[in-house]
Amino acid sequence: MTVTPTLPREPEFVLTPGPHLHAGVSTTRIMWTVNATLAPAALWGVYVFGLSALLVLAGSITGAVASEWLAARALGRRASVHDGSAFCTGLLLAMTVSPALPWWQALLGGVFAVLLGKMVFGGLGFNLFNPALLGRAFLMASFPLTMTAGWLAPRTGFGAPLDAVTAATPLALAKEQGLAAGFGALTASGAPYQALAMGFRGGSLGEVSAVLIALGAAVLLWRRIISLTTPLAVFAGLALATLPAGAPGFHLFTGGLWLGAFYMATDYVTSPTTTRGQLVFGFLIGLLTGVIRIWGGYPEGICYAILIANALVPALDSAFRRRRVKLAGTPS
């Protein structure tokens, strides 16, 4: 009996599109981690401002998630709402607007953010601008009164009753009546540092607690989802721009700066890919925010600063792109 030797099978030459290197973490896991780190600050905002803030959260998230699901169905694509990106867009949008905003306006903002801010570009990963901030810009243009004059007065401390009246934010008071009035809004409860840290002051849900935003950002840093490069550059740019006004500390701890620096300026899709590009990107955001706050006609500037910087990302990626290393004696 003759035994025919089995020859080793030749390796197959497989042609497939990228990516060819796979990380141990998925987009879905990253997005839901971001959502989880934002949840404490959002829920604390509901405690500080009451039921109206909860309705804003529900309206914005519902609008974002429902519009992405409907758009996917209309375009014949697989529904992608499970990846958490639409939920994150709605959550971030709700945290940048007044907690007194009518729920239906928040819902419209969520719809605009996803449809015109993401899906029209091709979906997740293709958008040029931060979708949540585009939604906020849409609400500012469409409903300026409720977006700028409908701020709720917060609780004044732990266990204090909720005062359901309107009150200007510290940034708005500083803009209209001077820096002393802005500081006065923080000292109204007799504990300015508690007001800054825990959010017992007028503002959006994203302003209520610098401590909770920082803790959420610390988790993202620990998980290596974001880095400190862009946020630190944002803080440096704002400090430089507000230095002539003599109040960089006031501007660093008021408004939505921390939310924007850690959760929006670090967005993978709408930020530069190189370290030097991220430094310029973040510094420009901080600088523009300070310029708008001090010399512009609007008390807060982080939203428009990030959107303007988003438009410059392709140029920054091109200017600071990684160069190929050419060894001596090798062909070009």
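Located above this text is the structure these notes cover.
These remarks concern the structure in this document. Bear in mind that the values here come from a model prediction, so they are computed numbers and not experimental data.

### Here we look at the overall build of the chain
What the chain contains, in helices and strands, is 16 helices and zero strands. By residue count, 48% of the 332 residues in the chain fall in the buried class. Contacts spanning at least 24 positions in sequence make up 74% of the contacts within the chain whose residues lie at least 6 apart. With the model as given, the accessible surface of the chain reaches about 16500 Å², and the carbon-plus-sulfur share is 68%.

### Some remarks on the layout of surface pockets
Roughly 510 Å³ of volume is contained in the largest pocket. Put simply, the parts of the chain that give the lining of the largest pocket at least two residues each are helix H1 (27-49), helix H3 (85-94), helix H5 (131-142) and helix H13 (257-264). For the lining of the largest pocket, the residue count by class is 15 nonpolar, seven polar and two charged.

### With respect to H5
Its twelve residues give H5 an end-to-end C-alpha distance of 16 Å, which sits within 8% of 16 Å, the value for a rise of 1.5 Å per residue. By the criterion of burial, H5 is predominantly enclosed, with nine of the twelve residues buried. Along H5, the residues that are buried comprise Pro131, Ala132, Leu133, Leu134, Gly135, Arg136, Ala137, Leu139 and Met140. Here the buried face of H5 lies against H3, helix H4 (103-115), helix H6 (144-148), H13 and helix H15 (302-311).

### Re the side chain of Glu300
Relative to the assigned elements, Glu300 resides in the loop between helix H14 (275-295) and H15. Its relative accessible area of 10% is what places Glu300 among the buried residues. At 2.8 Å, the side chain of Glu300 and the side chain of Arg293 are in polar contact. Beyond its immediate sequence surroundings of up to four residues, Glu300 is in contact with Leu171, Gly255, Gly256, Leu257, Thr289, Ile292 and Arg293.

### Thoughts on the nonpolar core
Counting residues in hydrophobic clusters, the biggest one holds 65 residues, and the most contacted among them are Met95, Tyr263 and Ile285. When residues in this core are grouped by element, the largest group, ten residues, is from H1. With near-sequence residues (within four places) excluded, Ile285 lies in contact with Val234, Ala265, Ile302, Ala305, Ile306 and Ala309.

### Overview of the packing of aromatic side chains
On inspection of all chains with the given rule, the structure shows nine aromatic pairs. Relative to Phe138, the ring of Phe112 lies with its centre 4.3 Å away and its plane at 5°, an arrangement referred to as stacked. You can see Phe112 sitting in helix H4 and its partner Phe138 sitting in helix H5, a full 26 residues away along the chain. An aromatic cluster is present here, built from Phe235, Phe253, Trp258 and Phe262 joined pairwise through their rings.

Basis of the calculations
- Residues numbered from 1 in each chain as written.
- Predicted model: local features only at pLDDT ≥ 70, side-chain atom pairs only at ≥ 80, totals over all residues.
- Heavy atoms only, no water.
- Helix = DSSP H or I, 4+ residues; strand = E, 2+ residues; numbered from the N terminus.
- Buried < 20%, exposed > 50% of the residue type's maximum accessible area, 1.4 Å probe, protein only.
- Contact = heavy atoms within 4.5 Å.
- Areas by Shrake-Rupley, 256 points an atom, 1.4 Å probe, with all protein chains shown as cover.
- 1 Å grid on protein atoms, 1.4 Å probe; cavity = no way out; pocket = protein on both sides within 12 Å on 5 of 7 lines; lining within 4 Å.
- Points joined across faces, edges and corners; volume = space filled by probe spheres on them.
- Nonpolar A, V, L, I, M, F, W, Y, C, P; charged D, E, K, R; others polar.
- Expected span 1.5 Å × (residues − 1).
- Polar contact = N/O pair within 3.5 Å; in protein donor to acceptor, adjacent residues only side chain to side chain.
- Core = buried A, V, L, I, M, F, W, Y, C linked by side-chain atoms within 4.5 Å.
- Phe/Tyr/Trp six-rings, centres within 6.5 Å; stacked < 30°, edge-to-face > 60°.

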